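Coordinate analysis (summary)
Each chain, letter by letter, is given below.
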Number of protein chains: 2
Amino acid sequence: MLKLDSIIEGNCTSVLQTIPDNCVDLIFTSPPYADNRKNTYQGIAIDEYVDWFLPVSAELKRVLKPEGTFILNIKERAVNGERQTYVLELILAMRRQGWLWTEEFIWHKKNCYPGKWPNRFRDAWERCLQFNKQKHFKMYQESVMVPIGDWSNKRLARLSDTDLKRDESRVGSGFGKNISNWLGKEVVYPTNVLHLATECANRGHSASFPVVLPSWFIKLFTNQGDIVLDPFMGSGTTAIACIELARHYVGIEAMHKYCVLAEQQIAKVKRPQIPLIPENNSSDKVYAG
Amino acid sequence: MLKLDSIIEGNCTSVLQTIPDNCVDLIFTSPPYADNRKNTYQGIAIDEYVDWFLPVSAELKRVLKPEGTFILNIKERAVNGERQTYVLELILAMRRQGWLWTEEFIWHKKNCYPGKWPNRFRDAWERCLQFNKQKHFKMYQESVMVPIGDWSNKRLARLSDTDLKRDESRVGSGFGKNISNWLGKEVVYPTNVLHLATECANRGHSASFPVVLPSWFIKLFTNQGDIVLDPFMGSGTTAIACIELARHYVGIEAMHKYCVLAEQQIAKVKRPQIPLIPENNSSDKVYAG
DNA sequence: GTTCCGCATGAATCGATAG
DNA sequence: ACTATCGATTCATGCGGAA
């Protein structure tokens with residue numbers, strides 16, 4: 001029925017209609033932003049964006065398991081001196097559609113796009129909106145705990161003008177690949193702000209997010225063997241995160257060139273050996289709400 | 001007419017009606033949040049919040065100078081497992097009222113309130129919504145510059161031969177073209193994410209923010225001698241920031257106990273000596289938009 | 001095997017210019 | 001008048017190659 005670990009080329013809504021009800025554990029996606037990148041992607045007009053997205057989110061709600069979660073990464077642009085409001089309107093419309101707006105995570109970008117303008121600073125954050133079908137959803141908080149070092153006690157004890165200055169700390173990201181960094185350190189739960197760098201290497205896709213972004217939410221909201229859906233797959237970053245974390249993925253992508261690119265990226269990924277001790281075993285399972 | 005450097009006790013809208021048109025350079029405030037608990041402040045019911053705030057924002061729009069700025073520090077809380085939507089609705093309503101929604105700054109709290117819940121992490125950010133009356137507003141970006149990142153030590157400490165040649169020939173594109181501009185550079189412009197610690201000092205007020213928060217916006221949007229209004233003064237943090245930065249303040253506060261508290265806090269503040277060289281002099285003045 | 005250095009690039013935005 | 005295109009501006013990161 002549902003072919004796992006594959007990318008389906010086609011129109012998002014049409015493909016979604018072929019997927020059974022209540023079978024996906026997590027949806028993570030970053031849809032094309034309004035009126036953006038007309039050259040590289042299909043541009044959506046600002047005033048049509050909500051009407052364009054609602055049929056998609058209706059299908060997403062159908063295919064998501066009752067205890068599953070939908071994470072929507074999006075950020076409105078500045079046009080004519082103002083921030084656009086379509087994301088706000090989308091949140092309100094999705095609630096009318098029956099979604100619960102559980103939380104708004106902030107992706108604080110370490111390396112945001114450069115530039116200077118007379119009326120605004122560089123935009124260094126994006127929204128990661130959490131939607132759920134019901135108040136009770138799966139959440140494995142222990143799997144994303146972050147280390148905290150001695151330095152934090154010193155820094156937090158002294159508040160001064162330097163607190164206004166740049167954050168040079170590496171805590172808050174907590175995505176250190178080297179486990180040895182964690183030794184001897186106390187771990188704490190993270191907050192709803194993720195401090196990550198963008199990956200600006202050659203990705204071939206203009207709208208790529210770092211793999212640690214989906215990885216964080218996949219660890220938080222799924223277990224090994226669960227199914228993750230990305231209805232706007234792009235260059236396949238969500239799929240890569242799934243493979244690295246031993247989750248199943250289902251991707252949808254409208255443009256052939258990105259399907260090819262995603263398959264190329266996926267082919268490079270090393271499958272992890274199955275850990276002897278699953279990170280999210282039954283004793284860790286927390287049913288939230 | 002308008003009595004400067006004072007706190008006026010009374011109902012916010014009523015007091016605002018006594019203030020002349022177009023006389024305030026910056027409005028910074030953190031209004032009472034919508035809440036069902038009514039014991040700490042005058043609680044505003046969630047479903048009445050927008051209707052309650054719109055008459056206030058209408059008066060604020062009247063008293064603000066055309067080139068002034070309104071910064072609204074606010075964050076919806078989670079109720080019944082969901083984030084409340086009244087802030088989103090307020091933004092949309094204020095735009096219909098004629099405000100421009102110029103930007104959304106994020107206050108990323110370094111040390112946010114502790115706690116643990118099964119369905120969400122600690123909330124480590126608040127919105128600082130920027131509204132303007134027109135596209136052209138005053139902005140003094142140089143007054144809030146921050147130290148450049150560590151990468152510059154390695155990259156810029158020793159310029160390579162190719163860097164120097166590229167500079168002489170004035171060819172190439174992008175960053176490298178003006179590499180000489182980066183020699184000796186120590187500060188850069190900030191982003192729209194403020195990474196500040198919270199203050200634990202103001203225990204007497206339920207909704208206190210650190211003085212560096214208003215200070216940052218006051219430096220960014222006003223000059224010395226300008227007038228800053230806080231229509232929900234609380235414990236007087238905005239006034240303290242004004243005094244330290246040699247700006248005039250006008251505060252409004254409904255509750256007598258907070259008026260007393262604010263006056264006490266203000267009395268402790270050391271007035272700065274007037275600097276010989278104003279930080280924002282006329283040559284630095286930038287009219288944005 | 002590490003460390004260091006050069007370099008390309010990234011969901012940007014505004015104002016001016018051209019059609 | 002209104003839209004489309006283009007140049008100018010700016011900062012931090014990861015990658016690949018060299019030391």
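What counts and what doesn't
Residues numbered from 1 in each chain as written. Chains lettered and ligands numbered in written order. Predicted model: local features only at pLDDT ≥ 70, side-chain atom pairs only at ≥ 80, totals over all residues. Heavy atoms only, no water. 1 Å grid on protein atoms, 1.4 Å probe; cavity = no way out; pocket = protein on both sides within 12 Å on 5 of 7 lines; lining within 4 Å. Points joined across faces, edges and corners; volume = space filled by probe spheres on them. Nonpolar A, V, L, I, M, F, W, Y, C, P; charged D, E, K, R; others polar. Phe/Tyr/Trp six-rings, centres within 6.5 Å; stacked < 30°, edge-to-face > 60°. Buried < 20%, exposed > 50% of the residue type's maximum accessible area, 1.4 Å probe, protein only. Least-squares fit on C-alpha atoms with pLDDT ≥ 70 in both. Contact = heavy atoms within 4.5 Å. Helix = DSSP H or I, 4+ residues; strand = E, 2+ residues; numbered from the N terminus. Buried area = accessible area lost by both parts, 1.4 Å probe. Salt bridge = Lys/Arg side-chain N within 4 Å of Asp/Glu carboxyl O. Polar contact = N/O pair within 3.5 Å; in protein donor to acceptor, adjacent residues only side chain to side chain.

1. Description of empty space enclosed by the protein
One pass over the structure, following the stated rule, counts two cavities of 30 Å³ or more. The volume enclosed by the second largest cavity comes to roughly 40 Å³. Every residue lining the second largest cavity is listed: Gly115, Lys116, Trp117, Arg120, Phe121 and Arg122 of chain A together with Gln141, Tyr189 and Pro190 of chain B. The residue makeup of the lining of the second largest cavity, split by class, is four nonpolar, two polar and three charged.

2. A word on the packing of aromatic side chains
Describing an aromatic ring pair means giving the distance of the ring centres and the angle of the ring planes. One pass over the full model with this rule turns up 31 aromatic pairs over all chains. Here the aromatic rings of Trp216 of chain B and Phe217 of chain B are separated by 5.0 Å at their centres, their planes lie at 90 degrees, and the arrangement is edge-to-face. The exposure classification of Trp216 of chain B matches that of Phe217 of chain B, with both residues buried. Through a chain of ring-to-ring contacts, the aromatic side chains of Phe28, Phe105, Phe137, Phe209, Trp216, Phe217 and Phe221 of chain A together with Phe121 of chain B assemble into a single cluster.

3. Quick notes on the relation of the copies chain B and chain A
Rotating chain B by 179 degrees and moving it 0.0 Å along the rotation axis overlays it on chain A with an RMSD of 0.3 Å. The symmetry that links the two subunits is that of a two-fold axis. Residue Leu88 of chain B, judged by its C-alpha, is the member of chain B lying nearest the rotation axis, at 2.9 Å. In this assembly, 75% of the residues forming the interface of chain B have copies in chain A that are likewise at the interface, indicating an isologous arrangement.

4. Looking at unusual backbone geometry
All names here are of chain A. Of note in the backbone geometry, Asn22 takes a positive phi value of approximately 50 degrees without being a glycine. Despite not being glycine, Asn80 has its phi angle at roughly 60 degrees, a positive value. Among the secondary structure elements, Asn80 is positioned in the loop between strand 4 (78-79) and strand 5 (82-83).

5. Some remarks on the interface of chain B and chain A
One frequently used descriptor of interface size is the decrease in accessible area upon assembly of the parts. The interface is formed by 65 residues belonging to chain B together with 58 residues belonging to chain A. Both sides together, the interface formed by chain B and chain A hides about 5400 Å², and carbon and sulfur atoms give 60% of it. Among the residues of chain B in contact with chain A, Glu82, Trp101 and Phe121 of chain B are the three that bury the most area, contributing 14% of the side total. Remark: the boundary between chain B and chain A carries eight salt bridges. The closest approach of N and O atoms between Glu82 of chain A and Arg95 of chain B, which form a salt bridge, is 2.9 Å. On inspection of chain B and its partner chain A, the count reaches 33 residue pairs in polar contact (both at pLDDT 80 or more). Of all the secondary structure elements, the ones that give two or more residues to the side of chain B that touches chain A are strand 5 (82-83), helix 3 (86-96), strand 6 (100-109), strand 7 (125-132), strand 8 (146-147), strand 10 (193-196) and helix 6 (212-221) of chain B. Of the residues forming the side of chain B that touches chain A, the biggest block, eight residues, is contributed by strand 6 of chain B. In terms of residue class, the side of chain B that touches chain A is made up of 31 nonpolar, 15 polar and 19 charged.

The analysis is restricted to geometry; functional conclusions fall outside its scope.
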